[in-house]
Amino acid sequence: MSKSIGIMMNPKSVAVIGASPDPDKVGYSILKNYLDLHYKGKLYPINLKEDSILGLKAYKSILDVPEQVDTAVIAVPAPITPEVLDECGRAKVRSVVVVTAGYAEVGNIELENKLVSTAKKYNLPVLGPNCVGVMDLKTGVDTLFLPSYKFDRPDEGSLGFVSQSGSVAGTILDLIGGEDIGLSKFISYGNASVIDETDILNYLIDDDDTKVLIIYLEGAKKSKEFIDVAKRIGKKKPIIIAKGGATAAGSKAAHSHTASMAGNYQIYEAIFEQAGFIQSNDLDEMMGMAKFFDKQPLPNGNRVGLITNGGGTGVLATDSIYRNGLSLADLTDSSKEYLRKVMPPIVNIRTPLDIGGDADYTRFNEAIKTVVNDDNVDIVAIIALFQTPGADSRVAQAIGNYASICKKPMVVISEGGSYTAMHKKIIEGSGIPVYSSPEMAAKVMAAAVKYSEFRKNSEN
Amino acid sequence: MMEENNNMMDFMEAVQLLKKYNINVVGSKYVESADDAVKFSNGDPIVMKVLSDKALHKTKSGVVKLDLSKPEDIKAAYEDLYNKAQELKPYKILVQKMIKGGTEIIIGGNTDPQFGKAILLGFGGIYVETFKDVSLRVCPITNYDAYSMIDSLKSKNIIAPDKESRDMIKDLLMKVSKMLMENENISELDLNPIILHDGTYDAVDLRFILGE
């Protein structure tokens, strides 16, 4: 199965069954996406009535296509999908994506079973149904039928994304597109009727383009195999996961304290914990985690070197740091000595290092340089409040300069309106994630420390 | 929350199984007379309980007597429990050495319909479901899992204040995980409380539910 997913992500030829000249139809958007992304392989629109669509020769059936097709994307009404899939089987199509909905998810079990038995009959690897399919910007693959003007398509990068749900997928892709994060592979798998999450993880574990992975999951089809692949992939790359369905349904009456506290949701949490997955409660947290793990190295410890140009925010951040199991770094004597020399007398030489509301880029620069090189610091956190008189684009630039120099992870906390948003863009463009709340920044740093520990210790 | 269940493993049978896995259980014995109980006490404080499927909440049912060491107290307690137990047949009267002080934890097991055996560690005692300070893992667990179960508890510094106690609980979790994996028929398990005391631990109360 994982091999078939590989074909889907890099096919030599694609047939869009249900391709349409009508811009309001799913079959139009899909074909248009491939064209927009300058897909280099062969494209075959399949439509009963049309001779050509979007300038491409159209065929009446997949069986009429003159070659064996690598991927067929099926976007025809649900009732005729088994028939169309049977044709794909006879045409020896190598992989199939069914984006059509209207199967088990709406109670149409019979139709779903028919689809599955047809897939089995021809040994066809089928993704979906009821999914938005796959995206690989490197190869120009995009089966998403979301009108592209409605969302920010991400750039090419190293973040993988797997989603059971199509709607969550659209939202997250849009969010990724809005951040400075690039996408490697996107796979949505809907009802997981044939290809399921275990197959997808088995594929992504060896996908070198994907360095970090985010997953939205509602439940796993397989049991032991799922645990097994989860444990293997967790040791190889950071996996950020959000699990839908927090309320336990259909749990049997418990006879013991243990059983009453060990519901299905808790079991999933346990599996993720054992696999070293980074668990997030919502999409916001997920994105916050993603932009850290995508660009920053893992920390060697939990000591945060905190620099701030705002006293109160420094206090709030300190609270968040300790609340999340991190601690403030105590700077080395030589750092302190240096800072005493370069900082004005109003600056107290201790952490959080409050460099004052009037701090300009040179003061920021001296402080960051010292903290970055301090042996007692594992993570560098900078609060940059751009409402202050001294903070301007040169401060954002000074921070950004350390993105490539600093071997330790760095985060920035900066909250504010449009002036701040502009500077946030500058900093994030350098690869350092910016968070608007100290709590979110602390959660992310704590997750990084925990994952780093996991990578070091989980082999024992 | 908890329901009556007839598929419970006999207490002393469960004790034997725990001992097979080198898991400490407080000195326990069924007695059939007051003299038996006096002999078991031998001057030490003991606890006396009626075990019956009809009295799952022993404390609430008034079928537990604590801190008995004088022979006359033991005899009086036996008479009382014997009389109460006549309505709870079949029953057994259990005596256990009493541990004073210490910290109570729970270690439990459950069978998830999809993923199989799971193990739980928590701050124990009768308020376990009130505090819900527990951590859960799917079996079999690794050393890393066991340590992380301890570390994820809010009460970690109470139950494992030093390296020795941390290692002790880790070893205990590993043993329970092994037992759960090797005994398919145990569908649910409560070792609650396990009392941590004097650098060691003893399982005091236990409940093994057997699957179909």
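Parameters at a glance
- Residues numbered from 1 in each chain as written.
- Chains lettered and ligands numbered in written order.
- Predicted model: local features only at pLDDT ≥ 70, side-chain atom pairs only at ≥ 80, totals over all residues.
- Heavy atoms only, no water.
- Pairing = 2+ DSSP bridges.
- Helix = DSSP H or I, 4+ residues; strand = E, 2+ residues; numbered from the N terminus.
- Contact = heavy atoms within 4.5 Å.
- Buried area = accessible area lost by both parts, 1.4 Å probe.
- Salt bridge = Lys/Arg side-chain N within 4 Å of Asp/Glu carboxyl O.
- Polar contact = N/O pair within 3.5 Å; in protein donor to acceptor, adjacent residues only side chain to side chain.
- Nonpolar A, V, L, I, M, F, W, Y, C, P; charged D, E, K, R; others polar.
- Axes fitted to C-alpha atoms, helices over the stretch in contact; angles between N-to-C directions.
- Parallel < 35°, antiparallel > 145°, perpendicular 65-115°, else oblique.
- Left-handed = near helix turned anticlockwise from the far one by under 90°.
- Disulfide = S-S within 2.5 Å.
- Buried < 20%, exposed > 50% of the residue type's maximum accessible area, 1.4 Å probe, protein only.
- Domains from an automatic or database assignment.
- Core = buried A, V, L, I, M, F, W, Y, C linked by side-chain atoms within 4.5 Å.
- Phe/Tyr/Trp six-rings, centres within 6.5 Å; stacked < 30°, edge-to-face > 60°.
- Lys NZ or Arg CZ within 6 Å of the ring centre and 35° of its normal.
- Arc of directions from axis to C-beta.
- Expected span 1.5 Å × (residues − 1).

**Q** Hey, could you run me through the sheet that holds strand β1 (residues 13-17) of chain A in this one?
**A** Strands belonging to one sheet form pairs held by backbone hydrogen bonds; the direction of such a pair is parallel or antiparallel. The strand order β2-β1-β5-β6-β7 (chain A) describes an open sheet built from five strands, whose pairing is parallel. Each edge of the open sheet carries a strand with a single partner, namely β2 (42-46) and β7 (126-127) of chain A.

**Q** Sorry if this is basic, but what is going on with the interface of chain A and chain B here?
**A** Interface size, as often reported, equals the accessible area lost upon joining of the parts. With 31 residues of chain A at the contact, the number on the chain B side is 33 residues. Contact with chain B buries area across many residues of chain A, yet H255(A), H257(A) and M261(A) alone supply 27% of it, more than any other trio. On the surface where chain A and chain B come into contact, there are zero salt bridges. Where chain A meets chain B, there are seven residue pairs in polar contact (both at pLDDT 80 or more). Listing elements by their share of the side of chain A that touches chain B, those giving two or more residues are α7 (224-236), α8 (257-260), α9 (264-274) and α16 (438-457) of chain A. Of the residues forming the side of chain A that touches chain B, the biggest block, eight residues, is contributed by α9(A). A breakdown of the residues in the side of chain A that touches chain B according to their chemical character gives 13 nonpolar, twelve polar and six charged.

**Q** Hey, could you run me through the packing of helix α6 (residues 143-151) of chain B against helix α8 (residues 163-182) of chain B in this one?
**A** In a packed pair of helices, the relevant descriptors are the angle between the two axes and the axis-to-axis distance. All names here are of chain B. Contact geometry for α6 and α8: axes closest at 9 Å, N-to-C directions at 120°. Looking at the two axes, α6 sits oblique to α8. Between α6 and α8 the crossing geometry is right-handed. Residues N143, A146, Y147, M149, I150 and D151 of α6 form the contact with α8, whose own contacting residues are R166, D167, I169, K170, L173 and M174. When grouped by side-chain class, the residues that make up the contact of α6 with α8 number seven nonpolar, one polar and four charged.

**Q** Got a minute to help me understand the sheet that holds strand β10 (residues 155-163) of chain A in this structure?
**A** Residue and element names in this part refer to chain A. The sheet built from seven strands is open, its strands ordered β9-β8-β11-β10-β12-β13-β14 with mixed pairing. A strand with exactly one partner marks an edge of an open sheet, and here the two such strands are β9 (141-142) and β14 (278-279). The sheet contact formed by β10 and strand β12 (residues 212-217) spans five bridges and is parallel. Looking at the pairing, F161 lines up with I214 of β12. Sheet strands touched by α9: β12, β13 (239-243) and β14. Its angle to β13, the strand with the most contacts, is close to 180°.

**Q** What's the story with the state of the cysteines in this structure? I'm lost.
**A** Two cysteines joined by a covalent bond between their sulfur atoms form a disulfide. All names here are of chain A. According to the stated counting rule, one finds zero disulfides over all chains in the structure shown. With no disulfide of its own, C88 lies closest to C131 among cysteine sulfurs, the gap being 14 Å. Residue classification places C88 among the buried residues on the basis of a relative accessible area of 0%.

**Q** In this structure, what is going on with the domain arrangement of chain B? I would like to understand it.
**A** Annotation of chain B at the domain level lists domain 1 (27-97) and domain 2 (103-210). Each of domain 1 of chain B and domain 2 of chain B has a C-alpha centre, and the two are 27 Å apart.

**Q** Would you explain the nonpolar core in this entry?
**A** If you look at soluble globular proteins, the nonpolar side chains tend to sit buried side by side. Residue and element names in this part refer to chain A. The biggest cluster of nonpolar side chains holds 59 residues, and the ones touching the most others in it are L127, I187 and I200. Not counting residues up to four positions away in its chain, the partners in contact with L127 are M8, V96, V97, V98, G133, V134, I187, S188, Y189, I195 and I200. Among the nonpolar cores identified, the runner-up in size contains 53 residues, and V168, Y216, I278 and I383 belong to it.

**Q** Looking at this structure, I do not really get the domain arrangement of chain A. What am I missing?
**A** Along its sequence, chain A is organised into domain 1 (1-132), domain 2 (146-295) and domain 3 (297-457). Using only C-alpha atoms to locate each centre, domain 1 of chain A and domain 3 of chain A end up separated by 50 Å.

**Q** Hey, could you run me through the pairing of strand β5 (residues 71-74) of chain A in this one?
**A** Walk down a regular strand and you will see the side chains alternate between the two sheet faces. Residues and elements named next belong to chain A. Burial along β5 is two-sided: the residues T71 and V73 and A72 and I74 are all buried. Here β1 runs beside β5; their pairing, made up of four bridges, is parallel. Of the residues in β5, the one forming a bridge with A15 is A72. As paired strands, β5 and strand β6 (residues 95-98) are joined by four bridges and run parallel to one another.

**Q** How do you make sense of the packing of aromatic side chains when you look at a structure like this?
**A** Both the distance between ring centres and the angle between the ring planes are used here to describe each pair of aromatic rings. Counted according to the given criterion, the structure contains 13 aromatic pairs over all chains. Centre to centre, the rings of Y34(A) and Y39(A) are 5.3 Å apart; their planes meet at 80°, and the pair counts as edge-to-face. Residue class for Y34(A) comes out buried when judged on its relative accessible area of 1%. With relative accessibility at 10%, the residue Y39(A) sits in the buried group. Ring centres of Y268(A) and F115(B) lie 5.2 Å apart, and the angle between their planes is 85°; on these two criteria the pair is classed as edge-to-face. One end of the pair, Y268(A), is in helix α9; the other, F115(B), is in the loop between β5 (103-112) and β6 (116-123), on a second chain. In this structure Y268(A) comes out as buried when scored by relative accessible area, which is 2%. Three or more aromatic residues link up through ring pairs in this structure, and these residues are F292(A), F293(A), Y451(A), F454(A) and Y144(B). Sitting above the plane of the Y268(A) ring, K243(A) keeps its charged end 4.6 Å from the centroid.

**Q** Please explain helix α2 (residues 34-41) of chain B as it appears in this structure.
**A** Residues that lie three or four places apart on an α-helix share one face, since the helix turns once every 3.6 residues. All names here are of chain B. Every buried residue of α2 is listed here: A34, A37, F40 and S41. Buried residues along α2 cover an arc of 120° about the axis, so they all sit on one side. Along α2, the residues that are exposed and aim more than 90 degrees away from the buried face are D35 and K39. Elements in contact with the buried residues of α2: β1 (28-31), β2 (46-51), α4 (71-85) and β4 (92-97). N42 occupies a position one or two residues after α2 and carries a positive phi of about 50°.

**Q** Would you explain helix α15 (residues 418-429) of chain A in this entry?
**A** All names here are of chain A. For α15, which comprises twelve residues, the first-to-last C-alpha distance of 16 Å matches the rise-based estimate of 16 Å (1.5 Å per residue) to within 8%. Along α15, the positions that sit buried rather than exposed are T420, H423, I427 and E428. Mapping the buried residues of α15 onto a view down its axis gives an arc of 140°, with all of them on the same face. Exposed side chains of α15 directed beyond 90 degrees from the buried face belong to S418 and G429. On its buried face, α15 is in contact with α10 (283-295), α14 (393-405), β19 (410-413) and β20 (434-435). Remark: G431 follows α15 within two positions and exhibits a positive phi of approximately 110°.

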